[in-house]
Amino acid sequence: MTESVKYVLSEDRMPRSWYNLAADLPKALPPVLHPGTGQPIGPADLAPLFPMEIIKQEVSTERYIDIPEPVRDIYRQWRPTPLYRARRWEKALGTPAKIYYKYEGVSPAGSHKPNTSVAQAFYNKAEGVKRLTTETGAGQWGSSLAFAGALFGLEIEVFMVKVSFQQKPYRRALMETYGARCVASPSEETASGRAVLKEHPNSTGSLGIAISEAVEVAAQRDDTKYSLGSVLNHVLLHQTVVGQEAMLQLEEAGDYPDVIVGCTGGGSNFGGITFPFLGAQLRGGKKLRIVATEPSACPSLTKGRYAYDFGDTGHLTPLVKMHTLGSAFVPPGFHAGGLRYHGMSPLVSHIKELGLIEARSYDQLDVFEAGVQFARVEGILPAPEANHAVKGALDEALRCKREGKAETILFNLCGHGHFDMQAYMDYFSGKLKDIPYDERDLQRSLDALPKVAAE
Ligand SMILES: *Cc1c(COP(=O)(O)O)cnc(C)c1O
């Protein structure tokens, strides 16, 4: 057993700690800046929004951070998640490659997101918080936080992007089942929401707008904090249980990946599966290829600019350096709602700049074709977001076939698609189209990026 695996896993085969990539980076992350002063922010600036333990994790450079026992207790319900070898898919493809996938769809909410929602709810509860606000696109994050809130007795208020609120009632019903309150965004309940509605009464919303509303509400009340399901360092930290488990499970199978694939919306499931392996590489271990896959209709890593930007449309958040399409960018309405964010995690953006990872974008139709093919041999129906990872793994497997290489491919099947059947029905009936973004919209949005002296 490798040293790192021995250190992090306990007898119940679940990680004891989260792994923090910041400890092993060859170059430190650029600082987060205050939008008013342009100066690096300190913990006090974030205190209205997050509990102190989370803020400490956000800026920590410790390699391992202990997972609190109450969090591990809840993880135990579905962790460790299974690592499968896709033997039937390998055979169907006729590839000499070995394909493994980590399946995060076995969590109660059906994706990797409870790995962080449970941790965030725990720290908020421990610091006396009564209520959490958040945003959600298709509803994966909202339902994950609603689940965690129910376990810890926290009130959860979710601003759900209006188009999803109207078109995806089942995730909303799941949030309400867990006891959360769900509001269509933009709403009349916040100044940010009212400002959007004044200009665009028929606005169908965006993640950036919903974030503004959730942040605004949290900043107003002492007993209320804000919770984000992706992008930030602490979120990616919590997701590293995925990669650490995969490392041990592969070791038991006598294997180690040559290439790892993950889909990227804000970067959390991707960071979760890849960072423990990347950290091992940076500490002198085996070098591997790491591939991020994203939708070509919202291509922050492949077409975005690496620049300081706001996390939200209303410009209430600090400025972070990331690959961004600009906070004014509203992607076209494709089905992988979890991948419709204008920015990318600063950590993932940073390692992309350092040349440690590759990125690729895919059209929606190609991605569904891969997902359907996968479901027909492996039986698991992936979430539309996860289909991007399936497609990435498929391309790697076919490359191995062409090159006659028996490489080991690992990908993260980050969630099931049982709440996304409308997307599959649209695909089968030919209604699903590839919707390109508007080049002029993107240019306008990039032109409007904040000017920051530190660049
Ligand atoms: C939210 C979500 C994503 C996108 O978020 P990341 O932070 O990039 O992981 C991807 N897949 C699923 C199933 C999701 O729920």
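Here the structure is shown first, and the text comes after it.
Scope of this entry: the structure provided in the associated data block.

**With respect to a negative patch on the surface**
Next, step 1: On the surface, D363, D366, E369 and D434 cluster together to form a negatively charged patch.
Next, step 2: Within the element layout of this structure, D366 appears in helix α16 (residues 364-378).

**Some thoughts on helix α13 (residues 268-282)**
Next, step 1: The end-to-end C-alpha distance of α13 is 20 Å, a good match for the 21 Å that 15 residues give at a rise of 1.5 Å each.
Next, step 2: Its maximal kink placed at T274, α13 deviates by approximately 45 degrees, while the proline P276 follows within four residues.
Next, step 3: Counting buried positions along α13 gives 14 out of 15 residues, so the element sits mostly inside the fold.
Next, step 4: The first or second residue beyond α13 is G284, which carries a positive phi of 105 degrees.

**Some points on the pattern of salt bridges**
Next, step 1: A full pass over the atoms with the stated rule returns 27 salt bridges.
Next, step 2: In this structure, the salt-bridge partner of D255 is K98, at a minimum N-O distance of 2.9 Å. Here K98 lies in strand β4 (residues 98-103) and D255 lies in the loop between α12 (233-252) and β9 (259-263), a separation of 157 residues in the sequence.
Next, step 3: Classification of D255 by relative accessible area gives buried; the value is 13%.
Next, step 4: Here R131 makes a salt bridge to E157, at a shortest N to O gap of 3.1 Å. Of this pair, R131 sits in strand β5 (residues 131-136) while E157 sits in strand β6 (residues 155-161), and the two are 26 residues apart along the sequence.
Next, step 5: Three or more residues joined by partner-sharing salt bridges are found here, namely R289, E358, R360, E396, R399, E403, K405 and E407.

**What about the packing of α13 against helix α15 (residues 346-353)?**
Next, step 1: Relative to each other, α13 and α15 sit at 50 degrees, their axes nearing to 11 Å. One element, α13, and the other, α15, form an angle in the oblique class. Between α13 and α15 the crossing geometry is left-handed. Where α13 abuts α15, its residues F270, F275 and L278 lie against L347, V348 and I351.

**Quick word on the sheet that holds β9**
Next, step 1: An order of β3-β4-β14-β9-β10-β13 is seen for the 6 strands of this open sheet, with the pairing classed as mixed. Both outer strands of the open sheet, β3 (83-85) and β13 (358-362), are each paired with one neighbouring strand and no more. Strand after strand, the sheet turns through a mean of 25 degrees between neighbouring axes, direction not considered.
Next, step 2: Bridging between β9 and strand β14 (residues 408-413) involves 3 bridges; their strand directions are parallel. When the sheet's bridge partners are listed, I260 is paired in β14 with L410.

**Things to note about the pairing of strand β7 (residues 181-185)**
Next, step 1: Burial analysis of β7 places 4 of its 5 residues in the buried class, which makes it a mostly covered element.
Next, step 2: Both β6 and β7 contribute to a ladder of 5 bridges, which runs parallel. When the sheet's bridge partners are listed, F159 is paired in β7 with V183.

**Digging into helix α3 (residues 52-59)**
Next, step 1: Within the span of α3, buried status applies to I54, I55, Q57 and E58. Seen from one end, α3 has its buried residues packed into an arc of 160 degrees, which puts them on one side.
Next, step 2: Of the surrounding elements, those touching the buried residues of α3 are β1 (17-19), α2 (43-46), β2 (64-66), α6 (114-126) and α12.

**What about the nonpolar core?**
Generally speaking, soluble globular proteins have nonpolar side chains that are buried together.
Next, step 1: Counting 83 residues, the largest nonpolar core has W18, Y75, Y226 and L410 as the members making the most contacts within it.
Next, step 2: Among the elements that take part in this core, α12 stands out by supplying 8 residues, more than any other.

**Some details on the sheet that holds β7**
Within a sheet, neighbouring strands are paired by backbone hydrogen bonds and run either parallel or antiparallel to one another.
Next, step 1: Overall, parallel pairing links the 4 strands, which are arranged β7-β6-β5-β8 in an open sheet. Bordering the open sheet on either side are β7 and β8 (224-226), each of which pairs with just one other strand. For this sheet, the mean inter-axis angle between neighbouring strands, taken without regard to orientation, is 25 degrees.
Next, step 2: As defined by bridge partners, β5 adjoins β6 across 6 bridges and the pair is classed as parallel. Looking across to β6, one finds that T133 is bridged to E157.
Next, step 3: Helix α11 (residues 207-220) rests against β5, β6, β7 and β8 of the sheet, and its axis sits at about 170 degrees to β5.

**Concerning the packing of aromatic side chains**
Next, step 1: Taken as a whole, this structure holds 18 aromatic pairs when the rule is applied.
Next, step 2: Judged by centre distance (5.5 Å) and plane angle (70 degrees), the rings of Y256 and F277 are edge-to-face. On the criterion of sequence distance, the pair formed by Y256 in the loop between α12 and β9 and F277 in helix α13 is long-range, its members being 21 residues apart.
Next, step 3: A residue is classified by how much of its surface remains accessible, and Y256, at 24% relative accessible area, is partly exposed.
Next, step 4: On the basis of relative accessible area, F277 is assigned to the buried category, the value being 0%.
Next, step 5: Members of the aromatic cluster, joined through ring pairs, are Y84, W89, Y101, F374 and F411.
Next, step 6: The residue whose ring lies beneath R85 is Y100, and the NZ or CZ to ring-centre distance is 6.0 Å.
Next, step 7: Between the NZ or CZ atom of R172 and the centre of the ring of F165, over which it lies, the distance is 3.8 Å.

Rules of the game
- Residues numbered from 1 in each chain as written.
- Predicted model: local features only at pLDDT ≥ 70, side-chain atom pairs only at ≥ 80, totals over all residues.
- Heavy atoms only, no water.
- Patch = residues over 30% accessible without salt bridge, like charges linked within 9 Å, V, L, I, M, F, W, Y side chains within 5 Å.
- Areas by Shrake-Rupley, 256 points an atom, 1.4 Å probe, with all protein chains shown as cover.
- Salt bridge = Lys/Arg side-chain N within 4 Å of Asp/Glu carboxyl O.
- Lys, Arg positive; Asp, Glu negative; His and termini not counted.
- Charge placed at Lys NZ, Arg CZ, Asp CG, Glu CD.
- Helix = DSSP H or I, 4+ residues; strand = E, 2+ residues; numbered from the N terminus.
- Expected span 1.5 Å × (residues − 1).
- Bend = angle between axes of the 7 residues up to and from the residue.
- Buried < 20%, exposed > 50% of the residue type's maximum accessible area, 1.4 Å probe, protein only.
- Axes fitted to C-alpha atoms, helices over the stretch in contact; angles between N-to-C directions.
- Parallel < 35°, antiparallel > 145°, perpendicular 65-115°, else oblique.
- Left-handed = near helix turned anticlockwise from the far one by under 90°.
- Contact = heavy atoms within 4.5 Å.
- Pairing = 2+ DSSP bridges.
- Arc of directions from axis to C-beta.
- Core = buried A, V, L, I, M, F, W, Y, C linked by side-chain atoms within 4.5 Å.
- Phe/Tyr/Trp six-rings, centres within 6.5 Å; stacked < 30°, edge-to-face > 60°.
- Lys NZ or Arg CZ within 6 Å of the ring centre and 35° of its normal.

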